[in-house]
Amino acid sequence: MKTKILMVCLGNICRSPLAEGILASKLDPSKFEVASCGTSNYHIGKKPDNRSIAVAKKYGIDITQQKATQFTTSDFDRYDYIYPMDRSNLENILALARNEEDTAKVQLILESIAPNEQLEVPDPYYSSNDGFENVYKILNKACNNIKRQLQNIN
């Protein structure tokens, strides 16, 4: 049975698609499944932001087939690990948690780099292309740590 990981941001067009693509590129697809979604319904069915697509492509990752979806309570049943990009999305996810088992699956993605510091991945949507490059670098570092953690568990 595959370990399933979910990356979550607000609209599922900038940060979480990048996080999905980065982590999926680092893990064995026969053992792991990585997906992403947003806590809002702003972009359901849309592809990632062109700037996210471009920065992913720059590093050899294709995220063009992803389509935005919205987080639902059933995602707690579907996924083993849920990584929101920031505190606002963390709160939105935890508000839907039904019990401690659901809550235990959720952790800010940057906890993998700086435990207990509540660091957030900045939203690059209203920034320049440099903002997307910066987000890629932050997420790549976090995903390297998550990969190590997952391989120690499996």
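Scroll up to find the structure.
Residues numbered from 1 in each chain as written. Predicted model: local features only at pLDDT ≥ 70, side-chain atom pairs only at ≥ 80, totals over all residues. Heavy atoms only, no water.

1. What to know about the pattern of salt bridges
Piece 1. Scanning the model with the defined rule gives nine salt bridges in all.
Piece 2. Across the salt bridge formed by R15 and D123, the nearest N and O atoms sit 3.8 Å from each other. Placement of R15 in helix α1 (residues 15-26) and of D123 in the loop between α5 (100-104) and α6 (129-153) is noted, with a sequence separation of 108 residues between them.
Piece 3. Residue D123 is classed as partly exposed on the basis of its relative accessible area, which comes to 41%.
Piece 4. For R87, the salt bridge identified is with E120, shortest N-O distance 3.5 Å. (Salt bridge = Lys/Arg side-chain N within 4 Å of Asp/Glu carboxyl O. Helix = DSSP H or I, 4+ residues; strand = E, 2+ residues; numbered from the N terminus. Buried < 20%, exposed > 50% of the residue type's maximum accessible area, 1.4 Å probe, protein only.)

2. Regarding α1
Piece 1. With 12 residues, α1 extends 17 Å between its outermost C-alpha atoms, agreeing within 8% with the 16 Å of an ideal straight helix rising 1.5 Å per residue.
Piece 2. Among the residues of α1, R15, S16, P17, L18, A19, E20, G21, I22 and L23 are the ones counted as buried.
Piece 3. In this fold, the buried residues of α1 make contact with β1 (3-9), β2 (32-38), α2 (50-58), α4 (87-94) and α6. (Expected span 1.5 Å × (residues − 1). Contact = heavy atoms within 4.5 Å.)

3. Side note on the environment of K47
Piece 1. Structurally, K47 can be placed in the loop between β2 and α2.
Piece 2. The class for K47 is partly exposed, based on a relative accessible area of 41%.
Piece 3. Along the primary structure K47 and T69 are separated by 22 residues, whereas in three dimensions their C-alpha atoms are 10.0 Å apart.
Piece 4. Once residues within four sequence positions are removed from consideration, K47 is found in contact with I13, I53, T64, Q66 and K67.
Piece 5. In terms of polar contacts, K47 uses its side chain to reach the side chain of N50, at 2.8 Å. (Polar contact = N/O pair within 3.5 Å; in protein donor to acceptor, adjacent residues only side chain to side chain.)

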